[in-house]
Amino acid sequence: MGAEDRQQSILEWVHKQKHVEVEDIAQRFGVTTQTIRRDINKLCEQGLLRRRYGGVSLPPNTSIAPVENEQVRHFAAKQQMAHRVAEDIPEGSTVSLGVGSTIEFVARALIHHQSLRILTNNLRVASALSGNPGIEVIVSGGQYRHNHHDVVGPEVTSFFSSFITDFGIISTGSMAPEHGLMDYDIREAEVSRAIIANTRTRLLVADHSKWSRSSHCKVASFKYVDRFYTDLMYDKQRTALPEELKIIECRKPPAQIA
């Protein structure tokens with residue numbers, strides 16, 4: 001098991017048990033405690049876990065929980081994609097960040113930048129970036145969604161329409177070559193469309209599982225995306241996408257046996 005898969009397993013385990021000892025983790029995965037501490041350090045740096053009493057536990061309860069169960073799925077892929085996106089965002093940029101757990105991972109990866117301006121309707125993003133005074137965060141007004149910790153509605157689309165940002169970063173509920181990007185809630189789709197329409201460089205961040213999902217609210221076709229960050233891309237999908245779309249794979253697919 002690689003480090004990223006092990007870290008995802010650790011995160012899932014802690015979410016079930018609330019607190020796990022370092023020694024128990026090392027024994028379960030058959031590695032040294034030093035290796036597990038390195039894994040824990042990486043997870044804690046992103047605010048996903050915290051060290052406590054010789055082990056690791058969930059972060060303190062807050063009104064905006066850093067990670068919920070649905071975010072744990074595909075953790076390694078989201079982490080890889082987020083870090084690659086962060087590498088491509090220059091200091092001093094103005095960035096629009098949309099809805100979804102993948103976008104929260106991007107925000108956490110941006111925390112080490114020294115100078116950014118962030119526009120968002122996602123309160124998880126604002127919370128993730130709150131520890132860096134060099135990052136200016138501007139949050140939209142709108143209708144608050146308790147389960148998602150974001151705001152939606154006409155105030156949000158008007159908010160994003162008031163700016164032209166250097167980078168607009170969105171995720172999506174599902175994808176299909178013939179229909180493009182789709183979401184489960186029309187209000188989420190409207191947010192993503194507003195970001196796409198008011199930025200110089202349009203970035204999509206979505207793992208390969210989104211190809212197999214089905215949602216019904218149209219966002220945009222792939223021709224409205226400049227860069228597509230994903231964990232892996234199979235030829236079936238690649239050949240159906242516009243030639244000018246820059247595809248950035250953050251994890252290569254396993255070798256296939258003929």
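Remember, predicted model here, so these are calculated numbers, not experimental data.

Conventions used here
Residues numbered from 1 in each chain as written. Predicted model: local features only at pLDDT ≥ 70, side-chain atom pairs only at ≥ 80, totals over all residues. Heavy atoms only, no water. pLDDT = per-residue confidence, 0-100. Contact = heavy atoms within 4.5 Å. Phe/Tyr/Trp six-rings, centres within 6.5 Å; stacked < 30°, edge-to-face > 60°. Helix = DSSP H or I, 4+ residues; strand = E, 2+ residues; numbered from the N terminus. Buried < 20%, exposed > 50% of the residue type's maximum accessible area, 1.4 Å probe, protein only. Lys NZ or Arg CZ within 6 Å of the ring centre and 35° of its normal. Expected span 1.5 Å × (residues − 1). Polar contact = N/O pair within 3.5 Å; in protein donor to acceptor, adjacent residues only side chain to side chain. Axes fitted to C-alpha atoms, helices over the stretch in contact; angles between N-to-C directions. Parallel < 35°, antiparallel > 145°, perpendicular 65-115°, else oblique. Nonpolar A, V, L, I, M, F, W, Y, C, P; charged D, E, K, R; others polar. Core = buried A, V, L, I, M, F, W, Y, C linked by side-chain atoms within 4.5 Å. Pairing = 2+ DSSP bridges. Salt bridge = Lys/Arg side-chain N within 4 Å of Asp/Glu carboxyl O.

Another point: the confidence of the model for the protein chain. A residue-level look at the protein chain finds 91% of positions with pLDDT of 70 or above and a mean pLDDT of 88. Across residues 252–258, confidence stays below pLDDT 50; counting only partners more than four residues off in sequence or on other chains, it has 5 contacts.

Let us look at the packing of aromatic side chains. Under the criterion given, the structure shown has 5 aromatic pairs. Aromatic pair Phe159 and Phe160: ring centres 5.1 Å apart, planes at 65°, arrangement edge-to-face. Ring geometry for Trp211 versus Phe228: centroids 6.4 Å apart, planes at 55°, classification tilted. Note that Trp211 is positioned in the loop between strand 12 (199–205) and strand 13 (217–220) and Phe228 in strand 14 (residues 227–230), a separation of 17 residues in sequence. Accessibility assignment for this pair places Trp211 and Phe228 in one class, buried. Feature note: the residues Phe159, Phe160 and Phe163 constitute an aromatic cluster, connected by ring pairs. Between Arg28 and the ring centre of Trp13, over which it is positioned, the NZ or CZ distance is 4.2 Å.

Between its first and last C-alpha atoms helix 9 (residues 186–197) spans 16 Å; for 12 residues at 1.5 Å apiece the expected length is 16 Å, and the two agree. Among the residues making up helix 9, those that are buried are Glu188, Ala189, Val191, Ser192, Ala194, Ile195 and Ile196. Two to three positions downstream of the cap, the backbone nitrogen of Arg187 sits 2.8 Å from a side-chain oxygen, assigning the N-cap of helix 9 to Asp185.

A few words on the packing of helix 8 (residues 154–161) against helix 9. Geometry of a packed helix pair, given as the angle between the helix axes and the separation of the axes. Running from amino to carboxyl end, helix 8 crosses helix 9 at an angle of 10°, the nearest separation of the two axes being 8 Å. Comparing the axis directions of helix 8 and helix 9 gives the class roughly parallel. In contact with Val156, Thr157 and Phe160 of helix 8, helix 9 contributes Glu190, Val191, Ala194 and Ile195. When the residues that make up the contact of helix 8 with helix 9 are grouped by side-chain class, the tally is 5 nonpolar, 1 polar and 1 charged.

With that out of the way, let us pick up the environment of Ser140. As for its placement among the helices and strands, Ser140 is situated in the loop between strand 6 (135–139) and strand 7 (143–145). A relative accessible area of 6% means that Ser140 is categorised as buried. Setting aside anything within four residues of it in sequence, one finds Ser140 in contact with Thr120, Asn121, Val151, Glu155, Val156 and Phe159.

A word on the nonpolar core. Within the largest apolar cluster, 44 residues are counted, with the highest numbers of intra-cluster contacts made by Ile25, Ile89, Leu97, Leu110, Ile118 and Ile169. Those residues in contact with Ile25 that lie beyond four places of it in its chain are Ile10, Trp13, Val20, Ile36, Ile40 and Val56. In terms of nonpolar packing, the next biggest core, distinct from the first, is built from 26 residues, Val99, Val151, Ala206 and Trp211 among them.

Across the sheet, 3 strands lie side by side as 10-11-13; this open sheet has antiparallel pairing. Lying at the two open borders of the sheet, with one neighbouring strand each, are strand 10 (174–176) and strand 13. Along the sheet, successive strands turn relative to each other by an average axial angle of 35°, direction set aside. Its contacts with the sheet place helix 9 against strand 11 (180–183) and strand 13, and it is angled at close to 10° to strand 13.

For the rest of this paragraph, the subject is the sheet that holds strand 1 (residues 19–21). Strand pairing in a sheet relies on backbone hydrogen bonds. The paired strands run either parallel or antiparallel. The antiparallel open sheet is built from 3 strands, whose spatial order is 1-3-2. Two strands lie at the open edges of the sheet, namely strand 1 and strand 2 (50–52), each paired on one side alone. Averaged over all pairs of adjacent strands, the angle between their axes in this sheet comes to 30°, without regard to strand direction. One ladder, built from 3 bridges, connects strand 2 with strand 3 (residues 55–57); its direction is antiparallel. Paired with Arg52 across the strands is Gly55, a residue of strand 3.

So, on to the pattern of salt bridges. Counting across every chain of the model gives 11 salt bridges. Between Arg145 and Asp185 there is a salt bridge; the shortest N-O distance is 3.4 Å. Within this pair, whereas Arg145 is found in strand 7, its partner Asp185 is found in the loop between strand 11 and helix 9, the two being separated by 40 residues in sequence. Given the relative accessible area of 7%, Arg145 is considered buried. One network of salt bridges, with partners in common, ties together Arg145, Asp150, Asp185, Arg187 and Glu188.

Now for the pairing of strand 11. For strand 10 and strand 11, the ladder comprises 3 bridges, and the chain directions are antiparallel. Following the sheet pairing, Ser174 is matched in strand 11 by Met182. If you look at the hairpin formed by strand 10 and strand 11, you'll find 3 residues sitting between the two strands. Across 3 bridges, the pairing between strand 11 and strand 13 is antiparallel.

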